[in-house]
2 protein chains.
Amino acid sequence: MKLATLNDGSRDGRLLVVSRDLGTAVSAPKDYPTMQAALDNWAECEPELQKLYGQLNDNTAADAFELKIEQLAAPLRRSYQYLDGACYISHIQRNRQARGDSLPDDILDAPLVYQGISHGYMSWNDPIKLPREEDGIDFEAEIAAVTGDVPIGVSPEEAVDYIRLFVLLQDTSLRALVPPELKRTFGFLTSKPCSALGPIAVTPDELGNLWDGKMVHGKMNVWVRGKKFAEIESGIDSPFHYGDMIAHVAITRPFEPGTIVGLGTVSNEDDSVGCGCIGEQRAMEIIKTGEAKTPLLRFGDSLRIEHLDYEGNSIFGPIEQKVSQLQ
Amino acid sequence: MKLATLNDGSRDGRLLVVSRDLGTAVSAPKDYPTMQAALDNWAECEPELQKLYGQLNDNTAADAFELKIEQLAAPLRRSYQYLDGACYISHIQRNRQARGDSLPDDILDAPLVYQGISHGYMSWNDPIKLPREEDGIDFEAEIAAVTGDVPIGVSPEEAVDYIRLFVLLQDTSLRALVPPELKRTFGFLTSKPCSALGPIAVTPDELGNLWDGKMVHGKMNVWVRGKKFAEIESGIDSPFHYGDMIAHVAITRPFEPGTIVGLGTVSNEDDSVGCGCIGEQRAMEIIKTGEAKTPLLRFGDSLRIEHLDYEGNSIFGPIEQKVSQLQ
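Residues numbered from 1 in each chain as written. Chains lettered and ligands numbered in written order. Predicted model: local features only at pLDDT ≥ 70, side-chain atom pairs only at ≥ 80, totals over all residues. Heavy atoms only, no water.

Q: With reference to specific residues and values, describe the sheet that holds strand E16 (residues 227-233) of chain B.
A: All names here are of chain B. Spatial strand order, E8-E19-E18-E15-E16: 5 strands in an open sheet with mixed pairing. For this open sheet the edge positions go to strand E8 (128-130) and E16, each flanked by a neighbour on one side alone. Strand-to-strand twist of the sheet, defined as the mean angle between neighbouring strand axes without regard to direction, takes the value 20°. As paired elements, E8 and strand E19 (residues 319-325) share 3 bridges and run parallel to each other. Opposite Lys-129, over in E19, you have Ser-324 as the bridge partner. (Pairing = 2+ DSSP bridges. Helix = DSSP H or I, 4+ residues; strand = E, 2+ residues; numbered from the N terminus. Axes fitted to C-alpha atoms, helices over the stretch in contact; angles between N-to-C directions.)

So, in structure tokens, the structure goes:
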């Protein structure tokens, strides 16, 4: 099933069920006006939404209308929890090696995770408006799971059953603000402004073979300043999967529905595929040549992220953003 | 104005306006069924709520009923953002000194803040259910601000105008899980399980002289295992106030309404007043005698926190919790 949120001017938008080919949509039943309301009542609403999805795909849905992707907001504009990992080892390894560090001793003991900003999610085509280029504007390409209620103490194997949706995530980062913030050991805060979500949220079953019960396979395609930047396999090269991430944090807390769980910037050991953020690309350049050449994002620069299956079909829709100066 | 949330079995409860003497209450108008809905629409709803508050205090409110404090949930059970500081210097200084560390160089440059768990807030009298005593169960006594929409780039002076409410906060902490987590520099996660909020949320104007536009004055009273543990002045000994905290994080992000902002464990330089958490008490014991004597919380232990004005009146209602084992 594919879901989306119509930007109707309200804070949380209006929940839509979207046809498989993204051609048509229908408003969700009035008991579930928003994505949060659906996730809060998933057991009851999921069969109703699935029924509407079937009717949309059969062209029999009453009140179906043409989907206009430019009218879509982030599927969830605000969430009660965002957990972001640094799970792809080559991403961490390159960043540390470039500054002369080795991997932390405990890197394989448990996923490296922080709780980050979970509100203000931009639409897929919103401009990235930020006050200063000097803060070091970068993106991170990720696929995030959206959970239902997750009980405290869940195992990694059980945890994946609480995943309701997957979305594309552009985790905006301010590289110059990261080192002083991490030096204080309290995690990322000002170095992580609002991020963007892809327009279409997809249930695990809709992914077919791309979802192996642990990871989402397929290729993360990235273009920066109009040029192809990376094409990364999302389903490999991480020792931890979505269930590990959820279970690790759920050791001492249950989750609210709508928790967004990312594995961090997608990255492959094969360095010929490019990088899921500019920071890692610059680290790779430093390792190879002693000098970072690719500039971080500047005002006016464009970014495009799209996750494709092995036949080239877009799974979550694109993220297409331009960076501009916040006035 | 005093507000509260009735535990009606729903996820977000039902918003109540509560009389000044906490004797009676009335349901908020149906357009604002929950605390979040009121905060989302504060400009429109605040005059309506204030009118009801005046009628309640005059005994002229239609449909007023007797307030039963044991039926109250946390004023906000889930929020889109919780920012917690470590602002009271003596709290940090004692904890660091006990382990042989000095204060960080940049401690006065900007507030030390992390983004923590913002869901699962317990009611004021809920048991603290946790899986293991060995995790090192502790509390932290705080007063938290609840904001409205906060624009990006706000100044500390402007920031305090976006505070809608204040609440009492018991920030549950797992001391044994803190050091390995902070060593990873990604902030607190498993070391911070669900916390509790006091039953009554209070607007700044209701605080009178206790709110000086920067800090909330009065005395934080704490009892542990039935014995008086601390009586701390909440309005002194912090170089940063609520406006500083909000402005620091808002450098690169706007806030959603309902953001909860704590200054961290209240603490005074005068060490005769006791401590706002057991961890700091143990640090003080180590500094003075070389040995920590006061045990952390164990299953069966009780905790009481109440913030009083200088005439001994309870401002936010009490937090009274017992620790028990999660089955």
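Q: Give me the lowdown on the packing of aromatic side chains, citing residues and values where you can.
A: The geometry of an aromatic ring pair comes down to the distance between the two centres and the angle between the two planes. Residues and elements named next belong to chain A. The full count for this structure, using the stated rule, is 19 aromatic pairs over all chains. Judged by centre distance (5.3 Å) and plane angle (70°), the ring pair of Phe-166 and Tyr-242 falls under edge-to-face. Residue Phe-166 is located in strand E11 (residues 163-170), and its partner Tyr-242 is located in helix H6 (residues 242-249); the two are separated by 76 residues in the primary sequence. Given the relative accessible area of 2%, Tyr-242 is considered buried. In this structure, Arg-304 is placed above the aromatic ring of Trp-223, and the distance from its NZ or CZ to the ring centre is 5.1 Å. (Phe/Tyr/Trp six-rings, centres within 6.5 Å; stacked < 30°, edge-to-face > 60°. Buried < 20%, exposed > 50% of the residue type's maximum accessible area, 1.4 Å probe, protein only. Lys NZ or Arg CZ within 6 Å of the ring centre and 35° of its normal.)

Q: Can you lay out the interface of chain B and chain A for me, pointing to particular residues and giving the numbers?
A: In this assembly, 50 residues from chain B lie in contact with 50 residues from chain A. Between chain B and chain A, a total of about 4600 Å² is buried, with carbon and sulfur atoms accounting for 54% of that surface. It is B:Tyr80, B:Arg184 and B:Phe186 that lose the most area in chain B upon contact with chain A, and together they represent 20% of the buried surface on that side. If you look at where chain B meets chain A, you find 12 salt bridges. B:Asp40 is the partner of A:Arg78 in a salt bridge, and the nearest nitrogen-oxygen pair spans 2.6 Å. At the boundary of chain B with chain A, the tally comes to 33 residue pairs in polar contact (both at pLDDT 80 or more). (Contact = heavy atoms within 4.5 Å. Buried area = accessible area lost by both parts, 1.4 Å probe. Salt bridge = Lys/Arg side-chain N within 4 Å of Asp/Glu carboxyl O. Polar contact = N/O pair within 3.5 Å; in protein donor to acceptor, adjacent residues only side chain to side chain.)

Q: So, the environment of A:Lys129: which residues are in play, and what are the values?
A: The topology assignment puts A:Lys129 in strand E8 (residues 128-130). As a C-alpha pair, A:Lys129 and A:Val261 span 132 residues in sequence and 24 Å in three-dimensional space.

Q: So, the nonpolar core: which residues are in play, and what are the values?
A: Taken as a class, soluble globular proteins show a tendency for nonpolar side chains to be buried jointly. Within the largest apolar cluster, 66 residues are counted, with the highest numbers of intra-cluster contacts made by B:Phe139, B:Phe166, B:Leu207, B:Met220, B:Val222, B:Tyr242 and B:Ile305. It is helix H6 (residues 242-249) of chain B that contributes the most residues to this core, 4 residues altogether. If you count residues domain by domain, this core takes at least three from each of domain 1 (2-72) and domain 2 (76-325) of chain B. Look past the residues within four positions of B:Tyr242 in its chain and what remains in contact with it is B:Ile143, B:Ala144, B:Ala145, B:Ile163, B:Phe166, B:Trp211, B:Lys214, B:Met215, B:Val216, B:Val261 and B:Leu263. Membership of the second largest hydrophobic core comes to 65 residues, among which are A:Met215, A:Met245, A:Ala250 and A:Val261. (Core = buried A, V, L, I, M, F, W, Y, C linked by side-chain atoms within 4.5 Å. Domains from an automatic or database assignment.)

Q: Tell me what's going on with the domain arrangement of chain A, and back it up with residues and numbers.
A: All names here are of chain A. Splitting chain A by domain gives domain 1 (2-72) and domain 2 (76-325). Its C-alpha centre places domain 1 at a distance of 26 Å from the equivalent point of domain 2. At the interface, 21 residues of domain 1 touch 22 residues of domain 2. With both chains or domains summed, domain 1 and domain 2 bury close to 1900 Å², and 55% of this area falls on carbon and sulfur atoms. The largest per-residue losses of area from domain 1 upon contact with domain 2 belong to Lys-2, Gln-36 and Leu-39, which jointly make up 28% of the total buried on that side. Residues Asp-12 and Arg-78 are paired through a salt bridge, measuring 2.8 Å at the closest nitrogen-oxygen approach. Inspection of the region where domain 1 meets domain 2 yields 9 residue pairs in polar contact (both at pLDDT 80 or more). When residues of the side of domain 1 that touches domain 2 are traced back to their parent elements, those giving at least two are strand E1 (2-6), helix H1 (35-40) and helix H2 (42-57).

Q: Account for the pairing of strand E18 (residues 302-308) of chain A, naming residues and giving values.
A: Residues and elements named next belong to chain A. Among the 7 residues that make up E18, 5 are buried, leaving the element largely enclosed by the rest of the structure. As paired strands, strand E15 (residues 219-224) and E18 are joined by 6 bridges and run antiparallel to one another. When the sheet's bridge partners are listed, Met-220 is paired in E18 with His-307.

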